[in-house]
Amino acid sequence: AQSVTQPDIHITVSEGASLELRCNYSYGATPYLFWYVQSPGQGLQLLLKYFSGDTLVQGIKGFEAEFKRSQSSFNLRKPSVHWSDAAEYFCAVVLPLSGGYNKLIFGAGTRLAVHP
Amino acid sequence: EPEVTQTPSHQVTQMGQEVILRCVPISNHLYFYWYRQILGQKVEFLVSFYNNEISEKSEIFDDQFSVERPDGSNFTLKIRSTKLEDSAMYFCASSEGVNTIYFGEGSWLTVV
């Protein structure tokens, strides 16, 4: 069955440190890949997406992600974390359905804490 | 930037009552969705809607749930006879096609 795995439930980094959040997917073909961020009590904000082409994609808030087909991974990175980045991060995969509808499959999320 | 808007942001309801959650998708989008997130759990797909009909629904979306697009702008999720386990954040989302899905801020539903 198709799935999205985020192996790290919680990550704590110091402000200014680099960050990498892991995401692996299990799907027969290359899906569309997304990272969303959710601040406490808030909705889901799209950080970045990958459909095709350049495997390194840039997003908002200084985030980037790299698609590696050989590893079925789409890891999220940021070179220098800010305290405001503390939130929960969700990796998601689109499974194109018949008729062109979308159905996002989410990972369990990684909660990021940032120490001053 | 256009956004998906949801009302109410929070609702508390008694078990057994009916709840309607409302959404205004992005205006030029044709595909509409509801997802839910039970506290501490992952976001789950409930239903997708296109051309005035349900295109897919999950096993969660049973007869207790229904969706409707009553006019040209609103998209609603009705939960009949709410249960305690329906307490969750419900997200409305929309997309133009097979591309990016945009989410609303969510509606917190607490069933007591």
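Note that the structure is a prediction, hence the values are computed from the model and not measured.

What counts and how
- Residues numbered from 1 in each chain as written.
- Chains lettered and ligands numbered in written order.
- Predicted model: local features only at pLDDT ≥ 70, side-chain atom pairs only at ≥ 80, totals over all residues.
- Heavy atoms only, no water.
- Contact = heavy atoms within 4.5 Å.
- Buried area = accessible area lost by both parts, 1.4 Å probe.
- Salt bridge = Lys/Arg side-chain N within 4 Å of Asp/Glu carboxyl O.
- Polar contact = N/O pair within 3.5 Å; in protein donor to acceptor, adjacent residues only side chain to side chain.
- Core = buried A, V, L, I, M, F, W, Y, C linked by side-chain atoms within 4.5 Å.
- Buried < 20%, exposed > 50% of the residue type's maximum accessible area, 1.4 Å probe, protein only.
- Helix = DSSP H or I, 4+ residues; strand = E, 2+ residues; numbered from the N terminus.
- Phe/Tyr/Trp six-rings, centres within 6.5 Å; stacked < 30°, edge-to-face > 60°.

Caption draft 1: Quick peek at the interface of chain B and chain A. Taken together, the contacts link 24 residues of chain B with 24 residues of chain A. For the pair chain B and chain A, the summed buried area comes to about 2,000 Å², and 59% of that belongs to carbon and sulfur atoms. In this structure, the connection of chain B to chain A is made through one salt bridge. A salt bridge links Lys-103 of chain A to Glu-56 of chain B; its shortest N-O distance comes to 3.3 Å. Where chain B touches chain A, the interface holds seven residue pairs in polar contact (both at pLDDT 80 or more).

Caption draft 2: Highlighting the nonpolar core. Residue and element names in this part refer to chain A. If you look at the biggest cluster of nonpolar residues, it comprises 27 residues, and the most contacted ones within it are Leu-19, Trp-35, Leu-47, Leu-48, Phe-74, Leu-76 and Tyr-89. If you list the elements that add at least two residues to this core, you get β2 (10-14), β3 (19-21), β5 (32-38), β6 (45-50), β8 (64-68), β9 (73-78), β10 (87-94) and β12 (110-115). By residue number, the principal contributor to this core is β10, which donates four residues. Discounting residues that sit within four places of it in the chain, Leu-76 has contacts with Leu-19, Glu-20, Leu-21, Trp-35, Leu-47, Leu-48, Phe-63, Glu-64, Ala-65 and Tyr-89.

Caption draft 3: Structural detail: the packing of aromatic side chains. Residues and elements named next belong to chain B. Inspection of every chain in the model, using the stated rule, returns 21 aromatic pairs over all chains. Measuring from centroid to centroid gives 4.5 Å for Tyr-31 and Tyr-50, while their planes differ by 10°, and the two rings are stacked. Within this pair, whereas Tyr-31 is found in strand β4 (residues 31-37), its partner Tyr-50 is found in strand β5 (residues 43-50), the two being separated by 19 residues in sequence.

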